[in-house]
Amino acid sequence: MARHSVIEDTPPPGVLIVGAGFIADHHGAALRATPRARLAGIVDVDAGRASAAATAAGGVAWSTDLGEALARPDVDAVIVCTPNMTHEPIALQVAAAGKHLLMEKPLTITVPSARAVVEAFDAAGTVVMAAHTHRFYDYGRAVDDAIAGGAIGRPVFARLAMLGGWIWPDWRAWVLDPAKSGGHALHNGVHLLDLVSWWLRDEPVSVYARGRKRTAEELRIHDYLEMHVEYAGGASAVCEMSRGHRPSTIDRRDVLVAGTDGVLQLPAEGWGSPLVTESGASLLPPQAANGFAVQLDAWLDAIADPAAERAMTPADAVRAVALGVATELSIERAEPVTLDEVMGGVLA
Amino acid sequence: MSDTLGVLLLGFAGLGPDQDHQQDMYLPAFSTHDGFEVVAVAGDDAAGRTTAERLAGKLGLPAPAADLATALADPAVDVVSVCVSPERRADAVIAALRAGKHVLADKPLALTAADAARVAAVAAETGLVCLPAHHQRFHPMIGAARGAVAAGKVGLPWNVQADFLVAGGTPSPAGELANFAVYPIDVVLALTGQRVRRVFARLSTHWSDGGADDHALLFLDHDNGLTSTISVGRTRELADTPPAGLALHRYRVSGSHGVLDIDASRPAVVLRRAEASSHTWHGAGTVDRLLDELRAAIAAGRPSAPSAADAVHIAEIVDAARTSAASGTPVELSQEGSR
């Protein structure tokens, strides 16, 4: 892994966290655990939330004004954890301020805006990375390592299921508003769409998706998504993302990748130690690397050496957005949608 | 009718030159089943007659009849096990039914939905049993699951995900959509009881050197909003799977109140030795249980489950899958259905 190329007495980059919701806690914990960067401050539109998070983080600076925070010379980079519809304007503001960016997924909720963000960072010469954290979890890497090692030949078919029950707040949650979240495909679907595309090492060409509103018919997003992706090299994938399964305690990840020379499986029941207690049965997960910390390292590597190969490229982030948009469109039309169409006829 | 039914083994062909379910699957199962006795063999073409003559000698049976009509006129025959070449299969099944015989028909019952419908019409008209050999639904894990789902154990089912991956063996020259898809489609229909209304499909060739498809993905929209996805195909050989054995055979049923995972590689005693590990179990196989259903339907004078009508619906789905894969768009099935 590349290490930062700064001379020894240069202070580690100062990182601003924008948006003090639950996902910010994961990024904050990763930041506190690394000597390679330091938390420079917290920005949130809600002063109470910003100050509380700043206090919890050991009394760092906080603000409700992003422009003011970005102007600080001790801020070199930004991790954005705000609602999806704010990603584009905030990203453009960060690019204009000349800072690096780790953007919670999705990069943005439309393809033109995703492109605009990538172009803005290209122009500024700074790093932008979308936080597709599953690439940095042990399981995602184990599957990728096996494929990279040629264990199953050329991968041709992947199944990835992430099944869970309702975890969102009530009707007022922004994620339930497609105008704010982009829909479930942009909010969570992109995790799976990115991961299988990475594993399959192939370029997606079309998506056929089916969505369900399991928890309530009045939902305006699909709490269950089934996404079938076809790839240029002939591979295909079936991804399922659910927040609509019952019982709501279900927590399931299932991986199957078939290759020309073998089959790879991470069975749903192979995840941990079965634990049966007076209150029922559950799975005790194994100790694992902190995906947020591994991801942070990858981002800091890119900042230290922008020319080095990236763990997650800007083009990957645009592609994930395009796949999410194609999924939502395919559900609406009940027909397959080509990536060409959602990319505006130009492949990134 | 005596307790033991006389069986005529008719034809020894399949999809592809080395597929002979008659001798590989049905003859052994009929031979060990208390309710049946193989009393005659016959072929309907030169190759079939040659096999029939050799088999008659081996089994100590009378010489095969010279033609189909004579073979079907044998009063000792109650049941005809039909494995004639798929393109003549529908006509042979119809001839057997017209001759007053019950039928076990190798899969596929016919190569098109239209041909399957002709068979189903004659089966309905004669009131005789015409059982398509969709034996995977009789797997003990699947049989138990059918009961559980029907009893509402997962509430109202809304999605099924299925994988049916065979490893090794000889790829079917007709493609694995034609060869294998009938099995998992039949299981999904047996599990849920919901007819299919819309089909989107993709066919690929990943593993075989020939041009035929060896992987099909079927995205089915059923009645009552149920959706199902079936991955079916044949990979290359795998060390821990016997040639032409199932490397992966599983179904997940998601319902309004629960989830049921069915792994048809179980129950199993797992054997691990110096060579690749293997599995074993005791008890009746799926074909033995298929014959139990044949015997029970004949005794009760009821249509078998699966019925010829079920085979028609599956053939409609397979036809639609082929059309969808060629066009790249979903295909609607007729609303009235074929029941």
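Keep in mind the model is a prediction, meaning the values are calculated, not measured.

Analysis parameters
- Per chain, residue numbering runs from 1 following the sequence as it is written.
- For naming, the first written chain is A and the first written ligand is 1, with later ones following in the order written.
- Two thresholds apply to this predicted model, a pLDDT of at least 70 for residue-level local features and 80 or more for giving and counting side-chain atom pairs, whereas whole-chain, interface and lining totals are computed over all residues.
- Note that water and hydrogens are dropped before the side-chain values are worked out from all heavy atoms of the structure.
- UniProt positions are given in the numbering used here, feature names are shortened, and annotations may be inferred rather than shown by experiment.
- To qualify as a helix, a DSSP run of H or I must reach at least 4 residues; to qualify as a strand, a run of E must reach at least 2; elements of each kind are numbered from the N terminus.
- Residue contacts are defined here by distance: any two heavy atoms, one from each residue, within 4.5 Å place the two residues in contact.
- Using a 1.4 Å probe, buried area is obtained as the accessible area two parts lose upon being combined, added over both of them.
- When a carboxyl oxygen of Asp or Glu lies within 4 Å of a side-chain nitrogen of Lys or Arg, that pair is called a salt bridge.
- Lys, Arg, Asp and Glu make up the charged group, whereas Ala, Val, Leu, Ile, Met, Phe, Trp, Tyr, Cys and Pro make up the nonpolar group; the residues left over, Gly among them, are polar.
- Think of it in three bands: with a 1.4 Å probe and only protein chains considered, a residue is buried below 20% of the maximum accessible area for its type, exposed above 50%, and partly exposed in between.
- If DSSP finds at least two bridges between two strands, the strands pair.
- Here the axes come from fitting lines to C-alpha atoms, over the contacting stretch only for helices, and the angles between their N-to-C directions go from 0 to 180 degrees.
- Think of it this way: a Phe, Tyr or Trp ring, Trp meaning its six-membered ring, pairs with another when their centres are within 6.5 Å, and the plane angle makes it stacked under 30 degrees, edge-to-face over 60, tilted otherwise.
- Only when the NZ atom of a Lys or the CZ atom of an Arg is both within 6 Å of the ring centre and within 35 degrees of the ring normal do we say a charge sits over the ring.
- Bear in mind that the domain bounds are from an automatic or database domain assignment.
- Angle categories: roughly parallel below 35 degrees, roughly antiparallel above 145, roughly perpendicular from 65 to 115, and oblique for all the rest.
- Throughout this description, a polar contact denotes any pair of N or O atoms lying within 3.5 Å of each other; where both atoms belong to protein, one of them has to be capable of donating a hydrogen while the other can accept it, and for residues adjacent in sequence the pair is counted only when both atoms sit in side chains.

1. Regarding the UniProt feature "domain: Gfo/Idh/MocA-like oxidoreductase N-terminal" (unreviewed entry) in chain B
Alright, step 1. What UniProt calls "domain: Gfo/Idh/MocA-like oxidoreductase N-terminal" (unreviewed entry) maps, in this numbering, to residues 23–132 of chain B.
Alright, step 2. This span, residues 23–132 of chain B, is 51% helix and 16% strand, and a straight line between its end C-alpha atoms measures 17 Å.

2. Section: the UniProt feature "domain: GFO/IDH/MocA-like oxidoreductase" (unreviewed entry) in chain A
Alright, step 1. As annotated by UniProt and renumbered to match this structure, "domain: GFO/IDH/MocA-like oxidoreductase" (unreviewed entry) occupies residues 142–264 of chain A.
Alright, step 2. For residues 142–264 of chain A, the end-to-end C-alpha separation is 11 Å, with 23% helix and 37% strand making up the annotated structure.

3. Thoughts on the interface of chain B and chain A
Alright, step 1. Of the residues lining the interface, 36 residues belong to chain B; the matching set on chain A comes to 37 residues.
Alright, step 2. Both sides together, the interface formed by chain B and chain A hides about 3,100 Å², and carbon and sulfur atoms give 50% of it.
Alright, step 3. Seen at the junction of chain B and chain A, the total is 7 salt bridges.
Alright, step 4. Among the ionic pairs, Arg252(B) bridges to Glu240(A), the shortest N-O distance being 2.9 Å.
Alright, step 5. For the side of chain B that touches chain A, the secondary-structure elements that each account for two or more residues are strand 6 (157–167), strand 7 (196–204), strand 8 (215–222), strand 9 (227–235), strand 10 (245–255) and strand 11 (258–263) of chain B.
Alright, step 6. Its residues assigned to classes, the side of chain B that touches chain A shows 12 nonpolar, 15 polar and 9 charged.

4. A short note on unusual backbone geometry
Alright, step 1. Look at the link from Lys105(A) to Pro106(A): it is a cis peptide, with omega at -5°.
Alright, step 2. Relative to the helices and strands, Pro106(A) is located in the loop between strand 5 (100–104) and helix 5 (111–124).
Alright, step 3. A cis amide bond links Arg266(B) with the next residue in sequence, Pro267(B), at an omega value of -5°.
Alright, step 4. Here Pro267(B) is to be found in the loop between strand 11 and strand 12 (269–271).
Alright, step 5. Positive phi values are uncommon outside glycine, yet Ala334(A) reaches one of about 55°.
Alright, step 6. Tracing the backbone shows Ala334(A) in the loop between helix 10 (314–333) and strand 15 (337–338).
Alright, step 7. Take Ala334(A): its relative accessible area is 29%, and that puts it in the partly exposed class.
Alright, step 8. Non-glycine residue Asn224(B) carries a positive phi angle of around 60°.
Alright, step 9. With respect to the helices, strands and loops of the structure, Asn224(B) is situated in the loop between strand 8 and strand 9.
Alright, step 10. Residue class for Asn224(B) comes out exposed when judged on its relative accessible area of 71%.

5. What about the sheet that holds strand 1 (residues 5–10) of chain B?
Residue and element names in this part refer to chain B.
Alright, step 1. Pairing in this open sheet of 5 strands is parallel, and the strands run 2-1-3-4-5 from one edge to the other. Unpaired on one side and paired on the other, strand 2 (36–42) and strand 5 (130–132) mark the two borders of the sheet. Taken pair by pair, the neighbouring strands of this sheet meet at an average axis angle of 20°, ignoring direction.
Alright, step 2. Pairing geometry for strand 4 (residues 102–105) and strand 5, over 3 bridges, is parallel. Bridge assignment links Ala 105 to a residue of strand 5, and that residue is Pro 132.

6. Describing the packing of aromatic side chains
Alright, step 1. This model, assessed by the stated rule, comprises 11 aromatic pairs over all chains.
Alright, step 2. Seen in terms of ring centroids, Tyr137(A) and Tyr139(A) are 6.4 Å apart; in terms of plane orientation they differ by 25°. Their pairing is stacked.
Alright, step 3. Tyr137(A) gets classed as partly exposed once you look at its relative accessible area, which sits at 22%.
Alright, step 4. In this structure Tyr139(A) comes out as buried when scored by relative accessible area, which is 6%.
Alright, step 5. Ring pairing ties together the aromatic residues Tyr137(A), Tyr139(A), Trp199(A) and Trp271(A), which thus form one cluster.
Alright, step 6. Cation over ring: Arg146(B) sits above Phe138(B), and NZ or CZ is 6.0 Å from the ring centre.

7. As for the sheet that holds strand 2 (residues 38–43) of chain A
Residues and elements named next belong to chain A.
Alright, step 1. With respect to topology, 6 strands assemble into an open sheet ordered 3-2-1-4-5-6, the strand pairing being parallel. Of all the strands in the sheet, just strand 3 (61–63) and strand 6 (128–131) have a single pairing partner and so form its edges. Put simply, the sheet's adjacent strands are angled 20° from each other on average, direction ignored.
Alright, step 2. Examined bridge by bridge, strand 2 and strand 3 share 3 bridges and lie parallel to one another. Bridged to Val 43 within strand 3 is Ser 63.

8. Things to note about the UniProt feature "domain: GFO/IDH/MocA-like oxidoreductase" (unreviewed entry) in chain B
Alright, step 1. Mapped onto the present numbering, the UniProt feature "domain: GFO/IDH/MocA-like oxidoreductase" (unreviewed entry) falls at residues 144–260 of chain B.
Alright, step 2. Secondary structure within residues 144–260 of chain B divides into 20% helix and 44% strand; the distance between the first and last C-alpha atoms comes to 11 Å.

9. Quick notes on helix 8 (residues 182–192) of chain B
Residue and element names in this part refer to chain B.
Alright, step 1. Of all 11 residues making up helix 8, 10 are buried, and the element is well covered by its neighbours.
Alright, step 2. Taken residue by residue, helix 8 has Val 182, Tyr 183, Pro 184, Ile 185, Asp 186, Val 187, Val 188, Leu 189, Leu 191 and Thr 192 as its buried positions.
Alright, step 3. At the exit of helix 8 stands Gly 193, carrying a positive phi of roughly 70°.

10. Some details on the domain arrangement of chain B
Residue and element names in this part refer to chain B.
Alright, step 1. Under the domain assignment used here, chain B contains domain 1 (5–134 + 288–305) and domain 2 (136–283 + 315–332).
Alright, step 2. Of note, the centres of domain 1 and domain 2, computed from C-alpha atoms alone, are 26 Å apart.
Alright, step 3. For the pairing of domain 1 and domain 2, the buried interface totals around 1,400 Å² over both sides, and the portion due to carbon and sulfur atoms is 60%.
Alright, step 4. There are 0 salt bridges connecting domain 1 and domain 2.

11. Considering the packing of helix 4 (residues 87–96) of chain A against helix 5 of chain A
Residues and elements named next belong to chain A.
Alright, step 1. Following both chains from N to C, one finds helix 4 and helix 5 inclined at 10°, their axes separated by 9 Å at the closest point. Of the possible angle classes, the one that applies to helix 4 and helix 5 is roughly parallel. On the side of helix 4, the interface is formed by Glu 88, Ala 91, Leu 92, Val 94 and Ala 95, while helix 5 contributes Ser 113, Ala 116, Val 117, Ala 120, Phe 121 and Ala 124.
Alright, step 2. Each residue belonging to the contact of helix 4 with helix 5 can be placed in one class, and the counts come to 9 nonpolar, 1 polar and 1 charged.

12. Quick notes on the pattern of salt bridges
Alright, step 1. On inspection of all chains with the given rule, the structure shows 36 salt bridges over all chains.
Alright, step 2. A salt bridge links Asp316(A) to Arg135(A); the nearest nitrogen and oxygen atoms lie 3.3 Å apart. Highlighted residues: Asp316(A) in helix 10 and Arg135(A) in the loop between strand 6 and helix 6 (138–148), separated in sequence by 181 residues.
Alright, step 3. Of the residues examined, Asp316(A) reaches a relative accessible area of 15% and is grouped as buried.
Alright, step 4. The closest approach of N and O atoms between Asp261(B) and Arg252(A), which form a salt bridge, is 2.7 Å. Here Asp261(B) is found in strand 11, whereas its partner Arg252(A) is found in strand 11 (residues 251–259) on a different chain.
Alright, step 5. What makes Asp261(B) partly exposed here is its relative accessible area of 43%.

13. Some points on the domain arrangement of chain A
Note: interface size is frequently given as the accessible area lost on complex formation between the parts.
All names here are of chain A.
Alright, step 1. Partitioning chain A into structural domains gives domain 1 (14–133 + 293–312) and domain 2 (135–287 + 320–342).
Alright, step 2. Each of domain 1 and domain 2 was reduced to a C-alpha centroid, and the two centroids are 25 Å apart.
Alright, step 3. Each partner contributes residues to the interface: domain 1 has 20 residues there, and domain 2 has 20 residues.
Alright, step 4. Buried surface at the junction of domain 1 and domain 2, both sides included, amounts to about 1,700 Å², of which 66% is carbon and sulfur.
Alright, step 5. Taken as a group, Lys 105, His 132 and Thr 133 account for 33% of the area that domain 1 buries against domain 2, more than any other trio of residues on that side.
Alright, step 6. At the boundary of domain 1 and domain 2, one finds 0 salt bridges.
Alright, step 7. The interface formed by domain 1 and domain 2 contains 9 residue pairs in polar contact (both at pLDDT 80 or more).
Alright, step 8. At the level of secondary structure, the elements contributing two or more residues to the side of domain 1 that touches domain 2 comprise helix 5, strand 6 and helix 9 (291–304).
Alright, step 9. Of all the elements, helix 9 adds the most residues to the side of domain 1 that touches domain 2, at 3 residues.
Alright, step 10. A class-by-class count of the residues in the side of domain 1 that touches domain 2 yields 13 nonpolar, 6 polar and 1 charged.

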